[in-house]
Amino acid sequence: MKTLVIAEKPDMGRTIAAVIEPRAKNNRSYLEGEHYIITWAIGHLLGLAEPDAYDTKYKRWNIADLPIIPDQFKIVPNPKTKDQLKIIGELAKRASAIVNACDAGREGQYIFALIQQQLKLRQPVKRLWISDLTAESIKRGFDGLKDASEFENLTHAARARSEADWLIGMNASRAFTTRHNALLSVGRVQTPVLALIYDREIEIEAFQSQTFYEVAAWFRQDGVEYKGMRQGDKLTDAEAAEAIATSVKGKTGHISKYEAKQTKEYPYRLYDLTLLQREANAKYGYGAKKTLDIAQALYEKHKVISYPRTNSNYVTEQNIEGMHKTLNLLKNGPYSELAIGAKPELVHKNNKGVCNPSKVEDHHAILPTLKRPGTLSKDEQNIYDLIVRRFLSHFYPPAEYKQHTVLTEVEQHQFKTSVKELLSLGWKVVLPSSDQEQNGSGKKKTKKSSNEDEDAEEWTDKTFSVQPELPVQCIKSEFKEKATQPPKSYTEGTLLKAMESAGKQIENEELRDAMKDSGLGTPATRAATIERLKNVGYITMQGKKMQLTLKGRTAIELIRRAGVDLLTSPEMTGQWERRLYQISKGEAGQDKFMENVKKFTMSIIDKVRVQAPAPADAFGEDSRGGRGKGKGVKASRAGTRTTTKSAASAPKTSRQTSAAVSRSGNTATSVAKAPSASSGKTGVREPLASCPSPGCTGQIIEGKKGYGCTRFKEGCGFVIWKEYVGKKITSTMLKSLIEKGSTQVLAFKRKDGSTVKARIILQDLTSGKLSAERQES
């Protein structure tokens, strides 16, 4: 009899077959050769069953029926791929042994475990554990197949993660949805991520800008000119700033301190998935999911990069030889000039910036492989280019600079100058020319902190030198008005960074340590989490910026008010990741972990059950389940019983939940996939604030030229136009006008070029008429 090889996806199966059975017959759903039959899953073929599989009463969402805690979790086939599952079962009958060739990680282990469980496979199993799909790696992997028993604890951890996420997601989502009569998706990962966005938006809204003034001066000494920024207490008075600028102009000063030291800048870390997603978002504006999809195609379809769903920025000693071979490959092709100029001796097992086995778990950093790319799309080429250039950078020496710090004193005022003089580009030669210029090739840069004085830092490739013993002449001076800036709204890139580092603020040292290498979610699931927040109507995108919707805001506030703050905190994920890691290593039991999850689930239900229902307008227009058709979640007057079926559990989505929960591990997907007007797919505009017009119950929404009331057809005439005396009224300014009656202090330009300070005031609550109120300096 033959050995059955089960890969995770078709492309992977065909690639493996080309190595171990090059003459295999292609039977569409599998390939068969002399010794092996190679077939594949299509991601998750199975998932945890919906609640109604345990009892038909769960088809109707009723808080009285919660919690739902199965004695034994049932698994069900994905209807879309059940034929492939059947084929695997038939092929298994002709096999005497099986090789698990699914992705080498927790989720790949779980995919195979569910197939093995459903089909009751009894054959001995070996494990293929590789990080890329090159022929060399596949051959080496099959030469050293591992015994499946070595990964039994990893399977226990994967199963515990999936079942625990099901318990939290299903129960918490149903509890909050039925209690508040609106489709609310709750999950272990997505909810704390939403809380990150919520907390940032609250911080922005509460921010009070402060005006201050900076004084800059330009100095000359023997043909050398440089700029300095005044040091000392922050200036809040324009006249004082102007007086200082006037007093130093044309005067002679001296250098009170001068330091010059050489510094080195080493190559940036090799890419893990999250770092790749962050940089692709910053450079190309790609969303996290788009970058993941492109990287997956480069891995599976083109086979030009190693496994992308990794959380490591390092390689092991075994990868060094392969990196050198890849460097040689790159000497022919578009990267030839850079590859030829590289120094192979810089990448070795003792280079801890590259090789650090202690920081490699399932997979090493993302690397280009020994396969030449064929025709790539523009997006694929962009991502491949990032990976190749980052790879090549480690074969170059560090960039070298001479850091000059000058303190110049004029009329008892000190000015600081920082000059970063480029000595050698080093590894930065691999960067595109535009990036080289930004990183030290003759360009000037200013280091800015939004709430602090600027340090004038010049990056130059020309020799810079001053003589401390000689006087200097102040040839020019000026003062500028500045304003402290609020924190920035999250982009997908900055949110990914926040998810990765979530937990650093946790006080418990053990939990903080548990999260230091994991954060919220995994590299493989973070993109899906962000997409889910969009799909359920919790966030919208304005360009690159993420904006919290009224529904998202209310969801977090309800969860926190219910007394289950742990659902919004990274702390729970920290506790879980620590325990799951211990389970995967055989240091903790799956049963005890699940018992604690069940207790937490019951405590959530108990607290939500006694919570006061949210007001009817708490989630914005049309955010209630099934509005207008009588099929939504309906609460009784007491707000404690739910008697009708939720749109979220409609039959068309009931079989999608388990697969998505088991893969992404953080939400009740039946809620997530339910239609929501806030998702941006229905054309309903997100409410920005309640209408302030006396007696009006409408909401303020954004129009093309202004912000108006949703009850305009009923006669409400409140409107604030988007431009007022040359100032653009932003949504943040709008909220400030409605909630506080005015904006913060703004600077208005007169026709003669001078400026005047004023606040914009909401003068009339009925019409939205504005006026300006001058502020004395």
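Structure: see above.
Residues numbered from 1 in each chain as written. Predicted model: local features only at pLDDT ≥ 70, side-chain atom pairs only at ≥ 80, totals over all residues. Heavy atoms only, no water.

J.: I tried to follow the nonpolar core on my own but got confused; where do I start?
T.: Counting 88 residues, the largest nonpolar core has Ile 115, Phe 176, Leu 567, Phe 593 and Ile 604 as its most contacted members. Discounting chain neighbours no more than four positions away, the residues touching Leu 567 are Ile 168, Ala 172, Phe 176, Val 186, Gly 187, Thr 191, Pro 192, Ile 559, Met 572, Phe 600 and Ile 604. Core analysis: the next-biggest nonpolar cluster, separate from the first, contains 62 residues, Ala 101, Ile 130, Leu 133 and Ala 280 among them. (Core = buried A, V, L, I, M, F, W, Y, C linked by side-chain atoms within 4.5 Å. Buried < 20%, exposed > 50% of the residue type's maximum accessible area, 1.4 Å probe, protein only. Contact = heavy atoms within 4.5 Å.)

J.: Even after reading the chapter, I still don't get the sheet that holds strand S3 (residues 31–32), so can you show me in this structure?
T.: Adjacent strands of a sheet form backbone hydrogen bonds with each other and so pair up, either parallel or antiparallel. Strand order in this open sheet of seven strands is S2-S3-S4-S1-S7-S8-S9, and the pairing throughout is mixed. Both outer strands of the open sheet, strand S2 (25–26) and strand S9 (146–147), are each paired with one neighbouring strand and no more. For S2 and S3, the ladder comprises two bridges, and the chain directions are antiparallel. Of the residues in S3, the one forming a bridge with Lys 25 is Glu 32. Helix-sheet contacts for helix H1 (residues 10–20) involve strand S1 (2–7), S3, strand S4 (36–40) and strand S7 (95–101), and the interaxial angle to S4 is about 165°. Its contacts with the sheet place helix H2 (residues 82–92) against S1, S4 and S7, and it is angled at close to 160° to S4. (Pairing = 2+ DSSP bridges. Helix = DSSP H or I, 4+ residues; strand = E, 2+ residues; numbered from the N terminus. Axes fitted to C-alpha atoms, helices over the stretch in contact; angles between N-to-C directions.)

J.: What's the story with H2 in this structure? I'm lost.
T.: Counting along an α-helix, one turn takes 3.6 residues, and residues three or four places apart therefore face a common direction. Where H2 is concerned, the buried positions are Gln 84, Leu 85, Ile 87, Ile 88, Gly 89, Leu 91 and Ala 92. Elements that come into contact with the buried residues of H2 comprise S1, S4, strand S5 (46–48), strand S6 (75–77), S7 and helix H3 (106–119).

J.: I tried to follow the sheet that holds strand S26 (residues 746–749) on my own but got confused; where do I start?
T.: Strand order in this open sheet of three strands is S26-S27-S28, and the pairing throughout is antiparallel. One side of each edge strand has no neighbouring strand; the edge strands of this open sheet are S26 and strand S28 (770–774). With direction set aside, neighbouring strand axes in the sheet form an average angle of 50°. Where strand S27 (residues 755–762) meets S28, five bridges bridge the pair, whose relative direction is antiparallel. What sits directly across from Ile 760, in S28, is Ala 772. Strands S26, S27 and S28 of the sheet are contacted by helix H23 (residues 731–740), whose axis makes an angle of about 60° with S27.

J.: So what exactly am I meant to see when it comes to helix H19 (residues 590–609) here?
T.: In this model, H19 (20 residues) spans 29 Å end to end at C-alpha, consistent with the 28 Å of a helix rising 1.5 Å per residue. What H19 keeps buried is the set Gln 590, Phe 593, Met 594, Val 597, Phe 600, Thr 601, Ile 604, Ile 605 and Val 608. Taken end-on, H19 shows its buried residues confined to a sector of 140°, consistent with a single buried face. Pointing more than 90 degrees away from the buried face of H19 are the exposed residues Asp 591 and Lys 592. Buried residues in H19 make contact with helix H5 (152–180) and helix H18 (570–584). (Expected span 1.5 Å × (residues − 1). Arc of directions from axis to C-beta.)

J.: Looking at this structure, I do not really get the side chain of Thr 39. What am I missing?
T.: With respect to the helices and strands, the residue Thr 39 is situated in strand S4. According to the relative accessible area criterion, Thr 39 is buried, its value standing at 0%. Those residues within four positions of Thr 39 in sequence are excluded, and the remaining contacts are Leu 4, Val 5, Ile 6, Ala 7, Ser 29, Tyr 30, Gln 84, Ile 88 and Leu 91.

J.: Is there a simple way to think about unusual backbone geometry in this case?
T.: Glycine aside, negative phi is the norm for most residues, and most peptide bonds take the trans geometry. The omega torsion of the bond from Leu 66 to Pro 67 falls at 0°, within 30 degrees of zero and hence cis. Inspection of the secondary structure assignment puts Pro 67 in the loop between S5 and S6. Phi angles above zero are rare outside glycine, and Asp 222 is one such case at about 50°. In this structure, Asp 222 sits in the loop between strand S10 (211–221) and strand S11 (224–230). Taking relative accessible area as the criterion, Asp 222 reaches 61% and is therefore assigned exposed. Positive phi outside glycine occurs at Val 725, with the angle close to 40°.

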